[in-house]
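Survey of secondary and tertiary structure
So the chains spell out like this:
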Amino acid sequence: TLVVGEGKGIAYGVELSIRKNTGRLNGWFSYAWSKSERQTPGVNNGNWYPFRYDRRHDLAIVTNYQLNAHWKCSATFEYQSGFAITMPVGIQQTLQVDQTFYPSFIFAGRNNARMPDYHRLDVGFSHTETTTKGRESTISLGVYNAYGRQNPFYIDYKIKNTSLSRDQTGGYFFQRTLFRFVPYLTWA
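Given the structure is predicted, the values throughout are model-derived calculations rather than measurements.

**Quick word on the pairing of strand β11 (residues 136-144)**
- As defined by bridge partners, strand β10 (residues 118-130) adjoins β11 across eight bridges and the pair is classed as antiparallel. Looking at β11, one finds that V123 is bridged to V143.
- The turn linking β10 back onto β11 is made up of five residues, and G134 within it adopts a positive phi angle of 85°.

Given below as structure tokens:
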């Protein structure tokens, strides 16, 4: 376990937001550009590196449209650039005590790579009625991530085969994804 002492950090950015609250068509647009870096003795040879939550671009577009007195449709688009991660720049095979080869990663620096960008479109429809007791009742139907983007959750490494010789041992990196489409139906 690496215990890290004090370090320095810097973060800066700019944000723009435009909102329309009235009318049949309403919603908002927001965009943020930001940068966050750290410098910690004993980490990354003392050089500055992007912080884990350093996302350069963050965009959101939300629209709502009132079709008539009872029906409303909505759409939300969200985009975020990939956050900083530490990825190896090479792999070497290491012979273990049990005479099998396992990969050892070679690293060039802290948070030297980025996850793939994240984006999705959510769409929905809702129908509102007033009950006989004077309460509002709303049924909503929609889908989260409408175009099925396989957004990255994390990057993993899979060893192909450790029982083979040094030349045949290897593996590959692959992206883990949680959800593609998530439909929803609610009643309130």
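**Some thoughts on the packing of aromatic side chains**
- For the structure shown, the criterion picks out five aromatic pairs.
- A centroid spacing of 5.9 Å and a plane angle of 40° characterise the contact between F105 and F173, whose relative ring orientation is tilted. One end of the pair, F105, is in strand β8 (residues 101-106); the other, F173, is in strand β13 (residues 171-176), and 68 residues separate them in sequence.
- Ring pairs connect the aromatic residues F105, F107 and F173, which therefore count as one cluster.
- In this arrangement the basic side chain of R38 is found over the ring face of F51, its NZ or CZ atom lying 3.8 Å from the centre.

**Section: unusual backbone geometry**
- Even without being glycine, N44 reaches a positive phi, approximately 60°.
- Assignment of secondary structure puts N44 in the loop between β2 (25-39) and β3 (49-50).

**Quick notes on the side chain of S140**
- As for its placement among the helices and strands, S140 is situated in strand β11.
- In contact with S140, other than residues within four places in its own chain, are F125, S126, Y184, L185 and T186.

**Side note on the side chain of S30**
- For S30, the position within the fold is in strand β2.
- Looking at S30, the relative accessible area reads 16%, which means it is buried.
- Excluding residues within four positions of it along the chain, S30 makes contact with L16, S17, D58, L59 and A60.

**Quick word on the pairing of strand β14 (residues 182-187)**
- Little of β14 sits out of view: just zero of its six residues are buried.
- Bridging between β11 and β14 involves six bridges; their strand directions are antiparallel. The residue bridging L141 from the neighbouring strand is L185, located in β14.

Procedures and definitions
Residues numbered from 1 in each chain as written. Predicted model: local features only at pLDDT ≥ 70, side-chain atom pairs only at ≥ 80, totals over all residues. Heavy atoms only, no water. Pairing = 2+ DSSP bridges. Helix = DSSP H or I, 4+ residues; strand = E, 2+ residues; numbered from the N terminus. Phe/Tyr/Trp six-rings, centres within 6.5 Å; stacked < 30°, edge-to-face > 60°. Lys NZ or Arg CZ within 6 Å of the ring centre and 35° of its normal. Contact = heavy atoms within 4.5 Å. Buried < 20%, exposed > 50% of the residue type's maximum accessible area, 1.4 Å probe, protein only.

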